[in-house]
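Structure assessment
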Amino acid sequence: DTAVSQTPKYLVTQMGNDKSIKCEQNLGHDTMYWYKQDSKKFLKIMFSYNNKELIINETVPNRFSPKSPDKAHLNLHINSLELGDSAVYFCASSPIQGARAEGYTFGSGTRLTVV
Amino acid sequence: AQSVAQPEDQVNVAEGNPLTVKCTYSVSGNPYLFWYVQYPNRGLQFLLKYITGDNLVKGSYGFEAEFNKSQTSFHLKKPSALVSDSALYFCAVRDQNRDDKIIFGKGTRLHILP
């Protein structure tokens with residue numbers, strides 16, 4: 001069983017479109033995250049949800065909107081896609097927000113290409 | 001602010017030789033440090049962590065890391081490199097001052113030469 005699963009794995013779309021990426025974890029974790037990995041492989045956190053509540057919202061354009069229908073799911077919707085949005089987006093989860101001794105479990109990523 | 005630095009973009013090591021991937025940290029308070037590995041077209045996998053206790057931490061796939069408080073370093077090591085160790089390695093620290101999120105270094109690409 002996949003612990004943190006993301007769909008789709010690859011997404012190619014035109015500028016201006018709206019798209020969503022879905023993430024689900026079956027670990028019973030309370031906290032979920034979205035990270036963006038750019039072309040230089042730099043990882044930057046975008047959002048964090050703890051039990052459906054938004055905890056972290058880094059400096060991300062309003063075009064990006066996370067949604068957490070329950071604590072096992074954290075989806076990412078992107079409006080009006082731009083070329084600069086091309087990246088790999090990783091979902092992750094951890095047991096308890098503030099559980100400093102725990103690391104994250106990552107999904108395998110969604111490679112978004114905007115053309 | 002909490003941060004980690006990985007001074008090397010790439011490290012090349014011959015198979016069978018010992019390897020070291022460097023990481024230095026800057027934290028206030030007790031550091032919570034991690035190493036992750038990313039294989040091509042894959043997500044990040046947890047390797048090991050330092051919380052408190054022994055300065056030598058053992059992790060997955062034969063890797064270990066040495067915590068050095070005086071040098072503020074947390075270098076990743078392995079006694080004998082395998083070609084399959086070739087991957088991108090990230091050092092990370094938990095930001096205890098703000099939101100407790102994990103902050104990643106820029107990554108070091110490890111290339112093991114057969």
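Look a little higher up for the structure.
Residues numbered from 1 in each chain as written. Chains lettered and ligands numbered in written order. Predicted model: local features only at pLDDT ≥ 70, side-chain atom pairs only at ≥ 80, totals over all residues. Heavy atoms only, no water.

Looking only at helices and strands, one finds zero helices and eleven strands in chain A. Secondary structure elements in chain A, listed N-terminal to C-terminal, are β-β-β-β-β-β-β-β-β-β-β. Over its C-alpha atoms chain A spans a radius of gyration of 13 Å, differing by no more than 12% from the 13 Å that the globule rule assigns to 115 residues. Seen along its three principal axes, the alpha-carbon backbone of chain A occupies a region of about 40 × 30 × 30 Å. Out of the 115 residues in chain A, the part that is buried amounts to 45%. Long-range contacts, defined as pairs at least 24 residues apart, comprise 55% of the intrachain contacts of chain A with a sequence gap of at least 6. (Helix = DSSP H or I, 4+ residues; strand = E, 2+ residues; numbered from the N terminus. Rg over C-alpha atoms; globule rule 2.2 N^0.38 Å. Buried < 20%, exposed > 50% of the residue type's maximum accessible area, 1.4 Å probe, protein only. Contact = heavy atoms within 4.5 Å.)

Regarding its fold elements, chain B presents zero helices and twelve strands. Moving toward the C terminus, one meets the helices and strands of chain B in the order β-β-β-β-β-β-β-β-β-β-β-β. Computed over the C-alpha atoms, the radius of gyration of chain B is 13 Å, within 12% of the 13 Å expected from 2.2 N^0.38 for a compact globule of 114 residues. Along the first, second and third principal axes, the C-alpha set of chain B runs to 45 × 30 × 20 Å.

Below, the discussion takes up the interface of chain B and chain A. With 22 residues of chain B at the contact, the number on the chain A side is 23 residues. In this assembly, chain B packs against chain A so that about 2,000 Å² is buried in total across both faces, 52% of it on carbon and sulfur atoms. In this assembly, chain B and chain A are joined by zero salt bridges. On inspection of chain B and its partner chain A, the count reaches four residue pairs in polar contact (both at pLDDT 80 or more). Going through the elements one at a time, β5 (33-38), β6 (44-50), β10 (87-94) and β11 (102-104) of chain B are the ones with two or more residues in the side of chain B that touches chain A. Taken together, the residues of the side of chain B that touches chain A sort by class into nine nonpolar, four polar and nine charged. (Buried area = accessible area lost by both parts, 1.4 Å probe. Salt bridge = Lys/Arg side-chain N within 4 Å of Asp/Glu carboxyl O. Polar contact = N/O pair within 3.5 Å; in protein donor to acceptor, adjacent residues only side chain to side chain. Nonpolar A, V, L, I, M, F, W, Y, C, P; charged D, E, K, R; others polar.)

A full pass over the atoms with the stated rule returns seven salt bridges over all chains. Notably, a salt bridge pairs D9 of chain B with K106 of chain B, separated by 2.3 Å at the nearest N-O pair. Taken as a pair, D9 of chain B in the loop between β1 (3-5) and β2 (10-14) and K106 of chain B in the loop between β11 and β12 (108-113) lie far apart in primary sequence, 97 residues in all. Judged by relative accessible area, D9 of chain B falls into the exposed class, the value being 55%. In the salt-bridge network here, residues are joined through shared partners; they are R63, E82 and D85 of chain A.

Counted by the stated rule, this structure contains two disulfides over all chains. There is a disulfide in this structure between C23 of chain A and C91 of chain A, and the S-S distance comes to 1.9 Å. Across the S-S bond of C23 of chain A and C91 of chain A the torsion is about -80°, and the bridge reads as left-handed. Highlighted residues: C23 of chain A in strand β3 (residues 19-25) and C91 of chain A in strand β9 (residues 87-94), separated in sequence by 68 residues. Take C23 of chain A and C91 of chain A: they sit in the same class, and that class is buried. In this model, C23 of chain B is linked to C91 of chain B through a disulfide, with the two sulfur atoms separated by 2.0 Å. The chirality of the disulfide connecting C23 of chain B with C91 of chain B is left-handed, given an S-S dihedral of about -65°. Taken together, the positions of C23 of chain B in the loop between β3 (19-21) and β4 (24-26) and C91 of chain B in strand β10 put the pair 68 residues apart, joining distant regions of the chain. When its relative accessible area of 0% is taken as the criterion, C91 of chain B is described as buried. (Disulfide = S-S within 2.5 Å.)

Just geometry here; none of it tells us what the structure is for.
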